[in-house]
Amino acid sequence: MKAVRVHAFDALPVIEDVPAPTLRPGRTLVRMEAATVGHIDRTVWRGSFLKHPPFPYTPGVEAAGVVVASHVHPEGQRVWLRGSGLGTLFDGTWCEVIDAPDEALGLLPDGVPFTIGSAFFSPSTSAWVALHDVARLAAGESVLITGATGAVGSLAVQLALDARAEVTAVVADASQVAWIPSGAKVLVLGDDPASSLDSVLVDLLVDTVGGPVLAAALPQVRADGRAVLVGYTAGNTLALDIAHFLQRDVSLLPLNMFRREPAGRAAAPELLARLADGRLKLDVQPFALEDAAKAMDWISQRGHRGRAVLVTGR
Ligand SMILES: NC(=O)c1ccc[n+]([C@@H]2O[C@H](COP(=O)([O-])OP(=O)(O)OC[C@H]3O[C@@H](n4cnc5c(N)ncnc54)[C@H](OP(=O)(O)O)[C@@H]3O)[C@@H](O)[C@H]2O)c1
């Protein structure tokens, strides 16, 4: 079977013929229909993650497909799968037949395409857990969401609107305004983030960008409000004037989806139902399995929209 293989950190992934996996206790074999290429796969590939599979390895922490052999899951079942060591401890999902731990699988409803089933988990559960489990968002509250064109940000905007919050979406430039749902206000960052945001005061900030964008957005949270910190694409440090910060009394709340994986799994059926009936939307960009390197490059570029997924093209 074909699999994408990585032979060293930062080395270009290549497609190779490898032996097809055989069924083992505790494992399920899944015919891959779509496999996500996400930021975490890049982090593992660069050697910056806590752990990585032994070289050479097949990357990929998420996918969707059809069960072909299992002791616990019915053959022919549509599934999504992620985590449990896939693509981080042992071979992952960028291959034609995935050898997955039984517990990595979840049911994929018929109404959800494989590409969405592959990509939905990380961005939609992160957005859901950030808003509901971490921030405890209430109807009528005002929310500022940075990186609103990103996968997590765009889902946070949609979910906050569904929760009847007043949403202000922050985008990087004017060409992205049309991507934001009509129920949300939009602010364009431009060259001076602080002055672009100074017209707004909110109960809650959900920051998916970090660095100077977080520094500019944090003062826009009202006293006794809260800020959920999700990502740090634009920078992983934040300088705080402690005296000023203490006077403002804003709670900084980290999102750690590794620790909150059970909450994400609990939310998954509801999120899939919303994706199936169109209440939630997630953009996906398909790439052929042999174009994994192109997909990794695409997700690292500013201005890309949605999630990259590898498809087998059968
Ligand atoms: N804490 C957790 O457990 C957790 C869970 C999931 C994801 N994350 C992290 O959350 C972050 C967002 O993930 P994602 O999947 O949504 O990523 P994504 O789809 O690549 O989106 C990134 C967003 O950030 C914006 N952005 C990037 N650099 C920027 C800058 N310098 N100034 C202004 N805007 C900038 C992008 O705007 P453009 O379109 O203009 O580039 C885009 O809107 C990532 O860092 C990811 O690792 C964390």
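To be clear, the structure that these remarks concern was listed above.
Engineer: Can you help me understand the overall build of the protein chain in this one?
Structural biologist: Assigned secondary structure in the protein chain consists of nine helices and 15 strands. Since a compact globule built from 314 residues should have a radius of gyration of about 20 Å, the 20 Å found for the protein chain is in line with a globular shape. The principal-axis extents of the C-alpha atoms in the protein chain amount to approximately 60 × 40 × 35 Å. By residue count, 51% of the 314 residues in the protein chain fall in the buried class. Counting only contacts in the protein chain whose residues sit at least 6 apart along the sequence, the fraction spanning at least 24 positions is 66%. Approximately 14000 Å² of the protein chain is accessible, and the part contributed by carbon and sulfur atoms is 54%. The distance from the centre of the 27 positive side-chain charges to the centre of the 33 negative ones in the protein chain is 3 Å.

Engineer: Explanation requested: the pattern of salt bridges in the structure shown.
Structural biologist: When the charged atoms of two side chains with opposite charge come close together, those side chains can pair. By the definition in use, this model includes 16 salt bridges. Note that Arg5 is salt-bridged to Asp91, the shortest N-O span being 3.2 Å. Of this pair, Arg5 sits in strand 1 (residues 2-5) while Asp91 sits in the loop between strand 5 (78-82) and strand 6 (97-101), and the two are 86 residues apart along the sequence. Put simply, Arg46 and Asp10 hold a salt bridge, and the shortest N to O gap is 3.6 Å. Taken together, the residues span a long stretch of sequence, with Arg46 in the loop between helix 1 (39-45) and strand 4 (62-70) and Asp10 in the loop between strand 1 and strand 2 (14-17) at a distance of 36 residues. Accessibility expressed as a relative area gives 45% for Arg46, which makes it partly exposed. Assessed through its relative accessible area of 43%, Asp10 is described here as partly exposed. Overlapping salt bridges bring together Glu62, Arg82, Glu261 and Arg265 as one network.

Engineer: Hey, could you run me through the sheet that holds strand 11 (residues 202-207) in this one?
Structural biologist: To summarise the sheet geometry, strands pair through backbone hydrogen bonds and adopt either a parallel or an antiparallel arrangement. Read across the sheet, six strands follow the order 10-9-8-11-12-13 without closing on themselves; strand pairing throughout is parallel. Because the sheet does not close on itself, it has two edges, and the strands there are strand 10 (185-188) and strand 13 (251-254). Sheet twist, expressed as the mean angle between neighbouring strand axes with direction ignored, is 20°. Direction of pairing for strand 9 (residues 166-171) relative to strand 10: parallel, over a ladder of four bridges. Paired with Val171 across the bridge in strand 10 is Val188.

Engineer: What is the right way to look at the packing of helix 3 (residues 121-134) against helix 4 (residues 151-162) in this model?
Structural biologist: Two quantities define a packed helix pair, namely the angle between the axes and the distance from one axis to the other. At a minimum axis distance of 8 Å, the contact between helix 3 and helix 4 shows a crossing angle of 50°. Of the possible angle classes, the one that applies to helix 3 and helix 4 is oblique. Considering the relative orientation of helix 3 and helix 4, their crossing is right-handed. Between helix 3 and helix 4, the residues in contact are Pro123, Ser124, Ser126, Ala127, Trp128 and Leu131 and Ala151, Val152, Leu155, Ala156, Leu159 and Ala160, respectively. Looking at side-chain class alone, the contact of helix 3 with helix 4 contains 10 nonpolar, two polar and no charged residues.

Engineer: It is not clear to me how the site of the ligand should be interpreted in this structure. Could you clarify?
Structural biologist: Among the 26 residues in the neighbourhood of the ligand, the closest are listed as Thr149, Val152, Leu255, Arg302 and Arg307. Between the ligand and Val230, the relevant distance is 2.9 Å, taken from a nitrogen atom to a main-chain nitrogen or oxygen of the residue. Considering the ligand on its own, with 930 Å² of exposed area, one finds that the protein chains cover 83% of that surface. The residue inventory of the shell around the ligand, partitioned by class, reads 11 nonpolar, 13 polar and two charged.

Engineer: Would you mind showing me how to read the packing of aromatic side chains here?
Structural biologist: Working definition: an aromatic ring pair is given by the centre-to-centre distance plus the angle between the planes. All chains considered together, the criterion is met by seven aromatic pairs. Between Phe9 and Phe55, the aromatic rings sit 4.9 Å apart at their centres with planes inclined by 75°, giving edge-to-face as the arrangement. Here Phe9 is found in the loop between strand 1 and strand 2, whereas its partner Phe55 is found in the loop between helix 1 and strand 4, with 46 residues between them in sequence. Residue classification places Phe9 among the partly exposed positions, given a relative accessible area of 35%. Here Phe55 and Tyr57 contribute two aromatic rings whose centre-to-centre distance is 5.9 Å and whose plane-to-plane angle is 45°, an arrangement assigned as tilted. Judged by relative accessible area, which is 33%, Phe55 ranks as partly exposed. Through successive ring pairs, a cluster of aromatic residues spans Phe9, Phe55 and Tyr57.

Engineer: Sorry if this is basic, but what is going on with the nonpolar core here?
Structural biologist: Where a protein is soluble and globular, its nonpolar side chains tend to be buried together. Within the largest apolar cluster, 46 residues are counted, with the highest numbers of intra-cluster contacts made by Phe120, Leu137, Ile145 and Leu204. There are two domains that each give this core at least three residues, and those are domain 1 (2-120 + 282-311) and domain 2 (123-254). In contact with Ile145, not counting residues within four places along its chain, are Gly153, Ala156, Val157, Ala160, Val167, Thr168, Ala169, Val170 and Val206. Of all hydrophobic cores here, the second largest spans 31 residues; its members include Val4, Val30, Phe49 and Ala100.

Engineer: Would you mind going over the environment of Gly313 with me for this structure?
Structural biologist: Relative to the elements of secondary structure, Gly313 occurs in the segment after strand 15 (307-311). A residue is classified by how much of its surface remains accessible, and Gly313, at 68% relative accessible area, is exposed. Considering only alpha carbons, one finds Gly313 and Phe287, 26 residues apart in sequence, at a separation of 9.4 Å.

Criteria and thresholds
Residues numbered from 1 in each chain as written. Predicted model: local features only at pLDDT ≥ 70, side-chain atom pairs only at ≥ 80, totals over all residues. Heavy atoms only, no water. Helix = DSSP H or I, 4+ residues; strand = E, 2+ residues; numbered from the N terminus. Rg over C-alpha atoms; globule rule 2.2 N^0.38 Å. Buried < 20%, exposed > 50% of the residue type's maximum accessible area, 1.4 Å probe, protein only. Contact = heavy atoms within 4.5 Å. Areas by Shrake-Rupley, 256 points an atom, 1.4 Å probe, with all protein chains shown as cover. Lys, Arg positive; Asp, Glu negative; His and termini not counted. Charge placed at Lys NZ, Arg CZ, Asp CG, Glu CD. Salt bridge = Lys/Arg side-chain N within 4 Å of Asp/Glu carboxyl O. Pairing = 2+ DSSP bridges. Axes fitted to C-alpha atoms, helices over the stretch in contact; angles between N-to-C directions. Parallel < 35°, antiparallel > 145°, perpendicular 65-115°, else oblique. Left-handed = near helix turned anticlockwise from the far one by under 90°. Nonpolar A, V, L, I, M, F, W, Y, C, P; charged D, E, K, R; others polar. Near = heavy atom within 4 Å. Polar contact = N/O pair within 3.5 Å; in protein donor to acceptor, adjacent residues only side chain to side chain. Phe/Tyr/Trp six-rings, centres within 6.5 Å; stacked < 30°, edge-to-face > 60°. Core = buried A, V, L, I, M, F, W, Y, C linked by side-chain atoms within 4.5 Å. Domains from an automatic or database assignment.

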